[in-house]
Amino acid sequence: MLDVKDLSMRFGGLLAVDGVSLELGEKQILAIIGPNGAGKTTVFNCISGFYNPTGGSILLQNTSIAGLGSHTVARKGVVRTFQNVRLFKKMTVLENLLVAQHQKNRASVLAGLFNTPSFRRQEAESIERSLHWLDYMGLRDFANREAGNLAYGHQRRLEIARCMITEPKVLMLDEPAAGLNPQEKLDLQALIRQLRDQYGVAILLIEHDMGLVMGVSERITVMEYGKPIAHGTPEEVRNNERVIKAYLGEA
Ligand SMILES: Nc1ncnc2c1ncn2[C@@H]1O[C@H](COP(=O)(O)OP(=O)(O)OP(=O)(O)O)[C@@H](O)[C@H]1O
């Protein structure tokens, strides 16, 4: 599904990502972990089209998506959340979901101006889908609230809903557990599984919370100083000496 080979990203003299390869199969859940500054977010930025990688390849279903830009990559079905939630904070919760669909559909401005039947039908479907995702995420009661006024955990769920409503092939979550309380983390773990099982989406996540990483991932790639240092099942990674050293070395 998503095949990253020998990815590298250089910022001036700094090789932030150096020879990273990842294979995300259909409906797979893969985590990237590693100490602060290891290059995880830079890998995400390359895959999601925010950066044009210096080297290597990024294939989505055998077609290159490297350097296409974030909007094009999203339209091709690779969408992401951010370490610091990025919502339209002054818009309502519902509006955030409607806008996400407009960005995907690129609804014709003319069709909108003339309020054609097909435009009205598309709008009705967008609202229907939004309400589905609000129910799914337990956000229905907040539909008309400003997104910026939601509790943090709810904002995170809305951000995931905003991704899912575009029916992605790959959902990328950048530290989704950051700032969540223990119960919310458990709910998040169940949610990630459910999204994969019910919507068939493949999930790539960066996460520092080891409980979540070990609980939800099928495979884990470990990075240190831009380089991949280990790859395997949670069990394999947990017992890998190099990984243990990388983490103890950080403490
Ligand atoms: N746009 C940029 N310009 C210059 N250097 C950058 C840029 N983005 C990241 N870096 C550097 O690249 C390295 C990797 O950073 P990155 O944010 O990818 O790490 P990370 O593993 O995601 O860290 P964290 O877990 O703290 O989020 C760091 O040394 C960082 O300072």
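Residues numbered from 1 in each chain as written. Predicted model: local features only at pLDDT ≥ 70, side-chain atom pairs only at ≥ 80, totals over all residues. Heavy atoms only, no water.

As recorded in an unreviewed UniProt entry, the protein goes by Amino acid ABC transporter ATP-binding protein and comes from Comamonas aquatica DA1877. You can read under Sequence similarities (unreviewed entry) in the UniProt record for the protein the words "Belongs to the ABC transporter superfamily." (UniProt positions renumbered as here; feature names shortened; annotations may be inferred.)

Asks: I tried to follow the site of the ligand on my own but got confused; where do I start?
Replies: If you check the shell around the ligand, you find 15 residues, and the closest are Gly37, Gly39, Lys40, Thr41 and Thr42. Note that an oxygen atom of the ligand is positioned 3.2 Å from one of the side-chain N or O atoms of Asn36. Between the ligand and Ala38, the relevant distance is 3.0 Å, taken from an oxygen atom to a main-chain nitrogen or oxygen of the residue. Relative to its unbound accessible surface of 640 Å², the ligand loses 63% to contact with the protein. Contributions of two or more residues to the shell around the ligand are made by strand S2 (14-24) and helix H1 (40-47). (Near = heavy atom within 4 Å. Polar contact = N/O pair within 3.5 Å; in protein donor to acceptor, adjacent residues only side chain to side chain. Areas by Shrake-Rupley, 256 points an atom, 1.4 Å probe, with all protein chains shown as cover. Helix = DSSP H or I, 4+ residues; strand = E, 2+ residues; numbered from the N terminus.)

Asks: Please clarify how the domain arrangement of the protein should be interpreted in this entry.
Replies: Frequently, the measure chosen for interface size is the accessible area removed from exposure when the parts meet. Domain assignment breaks the protein into domain 1 (1-77 + 168-250) and domain 2 (89-165). Counting residues at the interface gives 19 residues for domain 1, matched by 14 residues for domain 2. Both sides together, the interface formed by domain 1 and domain 2 hides about 1300 Å², and carbon and sulfur atoms give 65% of it. Of all residues in domain 1, Arg75, Leu191 and Tyr199 bury the most surface against domain 2, accounting for 38% of the area lost on that side. Our count for the domain 1 to domain 2 interface comes out at zero salt bridges. Where domain 1 touches domain 2, the interface holds five residue pairs in polar contact (both at pLDDT 80 or more). Those elements that provide at least two residues to the side of domain 1 that touches domain 2 are strand S7 (170-174) and helix H7 (182-199). At eight residues, H7 tops the list of elements feeding residues into the side of domain 1 that touches domain 2. (Domains from an automatic or database assignment. Contact = heavy atoms within 4.5 Å. Buried area = accessible area lost by both parts, 1.4 Å probe. Salt bridge = Lys/Arg side-chain N within 4 Å of Asp/Glu carboxyl O.)

Asks: Explanation requested: the pairing of S7 in the structure shown.
Replies: In summary, the side chains of a regular strand alternate between the two faces of the sheet. Here S7 lies mainly inside the structure; five of its five residues are buried. Residues of S7 alternate between two faces, with Val170, Met172 and Asp174 on one and Leu171 and Leu173 on the opposite face, all of them buried. Strand direction decides the pairing type here: strand S6 (residues 78-80) and S7, joined by three bridges, are parallel. Looking at S7, one finds that Arg80 is bridged to Met172. Pairing of S7 with strand S8 (residues 202-206), which is carried by five bridges, proceeds in the parallel orientation. Directly across from Leu171, in S8, lies its bridge partner Ile203. Each parallel crossover has a hand, and the one from S7 via H7 to S8 is right-handed. (Buried < 20%, exposed > 50% of the residue type's maximum accessible area, 1.4 Å probe, protein only. Pairing = 2+ DSSP bridges. Right-handed = clockwise from strand over helix to strand, strands pointing away.)

Asks: Explain the sheet that holds strand S4 (residues 55-60) to me, please; I cannot follow it from the model alone.
Replies: Within a sheet, adjacent strands bond to each other through the backbone by hydrogen bonds, running parallel or antiparallel. The strand order across the open sheet formed by four strands is S2-S1-S4-S5, and the pairing between neighbours is antiparallel. Strands at the two margins of the open sheet, each flanked by one partner only, are S2 and strand S5 (63-64). Inspection of the sheet shows S4 paired to S5 by two bridges, in the antiparallel sense. Bridge pairing links Leu60 to Thr63 in S5. The sheet contacts of H1 involve strand S1 (2-11), S2 and S4, and relative to S1 the element is tilted by about 115°. (Axes fitted to C-alpha atoms, helices over the stretch in contact; angles between N-to-C directions.)

Asks: Would you explain unusual backbone geometry in this entry?
Replies: Trans peptide bonds make up the majority, and among non-glycine residues the majority have a negative phi. Even without glycine at this site, Asp6 takes up a positive phi of about 50°. For Asp6, a relative accessible area of 52% corresponds to the exposed category. For Glu167, which is not glycine, the phi dihedral falls at a positive 55°. For Glu167, the position within the fold is in the loop between helix H6 (152-164) and S7.

Asks: Any chance you could explain the nonpolar core here in plain terms?
Replies: As a rule of thumb, nonpolar side chains are buried together in soluble globular proteins. In terms of nonpolar packing, the biggest core is built from 48 residues, with Trp133, Ile160, Leu171 and Leu195 touching the most fellow members. Two domains each provide a minimum of three residues to this core, namely domain 1 (1-77 + 168-250) and domain 2 (89-165). Leu171 has contacts with Val79, Ile160, Cys163, Met164, Leu195, Val201, Ala202, Ile203 and Leu204, leaving out every residue within four places of it along the chain. (Core = buried A, V, L, I, M, F, W, Y, C linked by side-chain atoms within 4.5 Å.)

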